Amino acid sequence: MKKKKKVHTGWLVGLTAMLLFFYGFLLGGQQLVMMDIAAEYQVGTKGMGGLISAQHVAAVIMPLCMGAAADRVGKKRILVVFTFLFGMGCVFACLSGTIGMYLIGACLIGSGYSVCESVSAAVITDLDAKQGMRYINITQFLLSVGAISGPIVLQFCMKNLNTDWRFGFGICAAGFLIITVLLKGTEFPEKRENKAKEEDGCNLMSRVQKETIACFLISIILYVGLENCFGYFVNPLFTVQLKQAGLGAIAISGYWMGMSASRLLCGFRNYNAERMLLVCFWVSGILFLLLAFTGLPWLSVGFSFLLGTAFGPIWSTLVALAAEVYPEKAAGVLGIMRAGSGMGGIVYPVLMGGLSERYSLSIAFVSLGATAFLELMLCFWRKSGKRTEAGLCGK
């Protein structure tokens, strides 16, 4: 009989965290240089939104297919393949000389990070159901650290080493390809079974549960729309509206610093998930409105830091709660959630680009505040849905 290999939790969480670090580095760097990319390919603000959305088109389709596939053929196999594709997308973007080649790279990047993020989160929940939310927050903390480092490193290199926007893609390409090799030699945990439902005798695969998944899907669409729009349009906010172009990079880094701090704190402390979501969405809605109407640049930098702090636990909490609805199909559920993230990434940048061109950036930021308050309503709906399900199960 073949001896079962030991799964090293710390190594696997650490490797996943490094994968997300380079993803964050890429994400933060892109937020800084999107205006440079748009200028090189001669597209305007609305076209910049289109370039952002192109990266998210594949991020909608691939997680839906690969999440379910990971539950069948194994999460390790899927994660290794798509980490490699992630790296190759960075290679294409780094070497691009035309907008067509850049878009090919963007689609590979979108495919890579969407599948990697959802499948790696499912792997982490397989490691330990009780600690899954904390582990996801720790890996998301490293994503935030990468996103802080990206703008700082790229801005330094562009000013002092005469590099262009392609340099960040080259760094990430090397990182992802090395991680691909390390993942190949790492032992993964077995997937979980949903023993709780069997023990309860509550086999509802219920309407309430399906509605809960749908509610989480809508929440992740709206949240990622908020996160992407702020990240990509905060630099234009400082450049165009506040007339302080030099503060854009500081605001982006401050935003990610706030996000890192709250994710690190939530990674080492237990918290009430639904209550945390209520507070975070309420605070973020207020901050979007303040950013829309505050004309003071340094105060807006402070609001950016606070917004990142409020955003920090949201993605991890939504994903961990969704995984617990169907733990035996966690990769499939999180594939749906990551597809929702891609939808938010497609729709909201184009919408915000259109609003900012037709009206102003202030109106666009007001619409983001309204979206955050809509998220509050969804939180209250989920709480009522949980009470209904408990009643149906006789709890």
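A quick note: this is a predicted structure, and the numbers were derived from the prediction, not measured.

Here we look at the pattern of salt bridges
In step 1: Within the structure shown, the criterion is met by four salt bridges.
In step 2: The partner of Lys 75 in a salt bridge is Asp 126, and the shortest N-O contact between them spans 2.8 Å. A residue pair is termed long-range when its members are at least 10 positions apart, and Lys 75 in helix H3 (residues 75-95) and Asp 126 in helix H4 (residues 99-127) qualify at 51 residues.
In step 3: For Lys 75, a relative accessible area of 10% puts it in the buried group.
In step 4: Judged by relative accessible area, which is 8%, Asp 126 ranks as buried.
In step 5: When salt bridges with common partners are traced through the structure, they connect Glu 40, Asp 164 and Arg 166 into a single cluster.

A few points about the environment of Gly 132
In step 1: Among the structural elements, Gly 132 can be located in helix H5 (residues 132-160).
In step 2: Remark: the alpha-carbon pair of Gly 132 and Ala 122, spanning 10 residues in sequence, is separated by 8.9 Å.

A word on the confidence of the model for the protein chain
In step 1: Here the protein chain averages 81 in pLDDT, while 88% of its residues score no lower than 70.
In step 2: The secondary-structure element of the protein chain with the lowest mean pLDDT is helix H7 (residues 195-200), recorded at 47, while helix H6 (residues 166-184) shows the highest, at 93.
In step 3: The low-confidence segment residues 196-205, where pLDDT is below 50, has 12 contacts with residues more than four positions distant or belonging to other chains.

Some words on the packing of aromatic side chains
In step 1: Scanning the model with the defined rule gives 16 aromatic pairs in all.
In step 2: When the ring of Phe 21 is compared with that of Phe 22, the centres are 5.3 Å apart and the planes differ by 80 degrees; the resulting orientation is edge-to-face. Exposure class is identical for Phe 21 and Phe 22. Each is buried.
In step 3: Taking the centre distance of 6.4 Å and the plane angle of 70 degrees together, the rings of Phe 230 and Phe 288 count as edge-to-face. Residue Phe 230 is found in helix H8 (residues 207-241), and its partner Phe 288 is found in helix H10 (residues 273-293); the two are separated by 58 residues along the sequence. Here the two residues Phe 230 and Phe 288 agree in accessibility, since each one is buried.
In step 4: These aromatic residues form a ring-pair network of at least three members: Phe 21, Phe 22, Tyr 23, Phe 86, Tyr 113 and Phe 176.

Observations regarding unusual backbone geometry
In step 1: Despite not being glycine, Asn 162 shows a phi value in the positive range, around 60 degrees.
In step 2: Locating Asn 162 in the fold gives a position in the loop between H5 and H6.

Describing the side chain of Thr 317
In step 1: Along the chain, the position of Thr 317 falls in helix H12 (residues 314-323).
In step 2: Discounting residues that sit within four places of it in the chain, Thr 317 has contacts with Met 133, Tyr 271, Ala 273 and Leu 277.

How each quantity is defined
- Residues numbered from 1 in each chain as written.
- Predicted model: local features only at pLDDT ≥ 70, side-chain atom pairs only at ≥ 80, totals over all residues.
- Heavy atoms only, no water.
- Salt bridge = Lys/Arg side-chain N within 4 Å of Asp/Glu carboxyl O.
- Helix = DSSP H or I, 4+ residues; strand = E, 2+ residues; numbered from the N terminus.
- Buried < 20%, exposed > 50% of the residue type's maximum accessible area, 1.4 Å probe, protein only.
- pLDDT = per-residue confidence, 0-100.
- Contact = heavy atoms within 4.5 Å.
- Phe/Tyr/Trp six-rings, centres within 6.5 Å; stacked < 30°, edge-to-face > 60°.

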